[in-house]
Amino acid sequence: LAAQLKAVRPNDSIASWAFRFLQSLDNMQVVLSGMTTLEQLKENIALFSKADPTDARERALLGKVVASMLDSVPCTACRYCTDGCPMQLDIPHLISLYNQAKNDGLGAIRFNIGMLQENQLPSACIACGACSQMCPQNIDIPGVMQKFAEILANG
């Protein structure tokens, strides 16, 4: 997905696309940006120092990218699910890989999957549901692990 945006504006960060989109909205008065590094602060200052809203073609591309992301699992990596997992799976990491596989194909994650031991793969999930009970996003984690295991088995 990022590659699609980079193909149009190779020097722009993904965050800049979001901020430029916000600049294109009518009546946008305030934008609150979370920043954790000095580089991000400098980028934000540069982005908002000049008007550079997205054009119609760029907004259409953003719409296409967002539509493909709507099928993603909305995990925030809070890790509440991991404490109760009897298999000690790194559930947020697996969900992140699942989302990548769904959006970019298995090629994008083969190396990461190859680094995991058999007991760390989504197929190691025993579907006990302890993780789902702790999930503030109400994600059906055993269902996601099953789907991911199927993708990997068929991939």
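Here we summarise the structure given alongside this text. (Residues numbered from 1 in each chain as written. Predicted model: local features only at pLDDT ≥ 70, side-chain atom pairs only at ≥ 80, totals over all residues. Heavy atoms only, no water.)

**Quick word on helix 4 (residues 56-69)**
- Across its 14 residues, helix 4 extends 20 Å between first and last C-alpha, which sits within 8% of the 20 Å expected from 1.5 Å per residue.
- Among the residues of helix 4, those classed as buried are Glu58, Leu61, Leu62 and Val65. Across the axial projection of helix 4, the buried residues extend over an arc of 100 degrees, all falling on one side. Among the exposed residues of helix 4, those pointing more than 90 degrees away from its buried face are Ala56, Ala60 and Lys64. (Helix = DSSP H or I, 4+ residues; strand = E, 2+ residues; numbered from the N terminus. Expected span 1.5 Å × (residues − 1). Buried < 20%, exposed > 50% of the residue type's maximum accessible area, 1.4 Å probe, protein only. Arc of directions from axis to C-beta.)

**Comments concerning the packing of aromatic side chains**
- Going through the model one piece at a time under the given rule, you end up with two aromatic pairs.
- Ring centres 5.6 Å apart and planes at 70 degrees place the aromatic pair Tyr98 and Phe148 in the edge-to-face group. You can see Tyr98 sitting in helix 6 (residues 91-104) and its partner Phe148 sitting in helix 9 (residues 141-154), a full 50 residues away along the chain.
- On the accessibility criterion, Phe148 (0% relative accessible area) is buried.
- The cationic tip of Arg20 hangs over the ring face of Trp17; the distance from NZ or CZ to the ring centre is 5.6 Å. (Phe/Tyr/Trp six-rings, centres within 6.5 Å; stacked < 30°, edge-to-face > 60°. Lys NZ or Arg CZ within 6 Å of the ring centre and 35° of its normal.)

**Focus on the pattern of salt bridges**
- Scanning the model with the defined rule gives six salt bridges in all.
- Salt-bridge contacts for Asp52 lead to Arg20; the nearest nitrogen and oxygen are separated by 3.2 Å. You can see Asp52 sitting in the loop between helix 3 (38-48) and helix 4 and its partner Arg20 sitting in helix 2 (residues 14-23), a full 32 residues away along the chain.
- The class for Arg20 is buried, based on a relative accessible area of 2%.
- Linked by salt bridges that have partners in common, Arg9, Asp12, Arg20, Asp52 and Glu58 make up one network. (Salt bridge = Lys/Arg side-chain N within 4 Å of Asp/Glu carboxyl O.)

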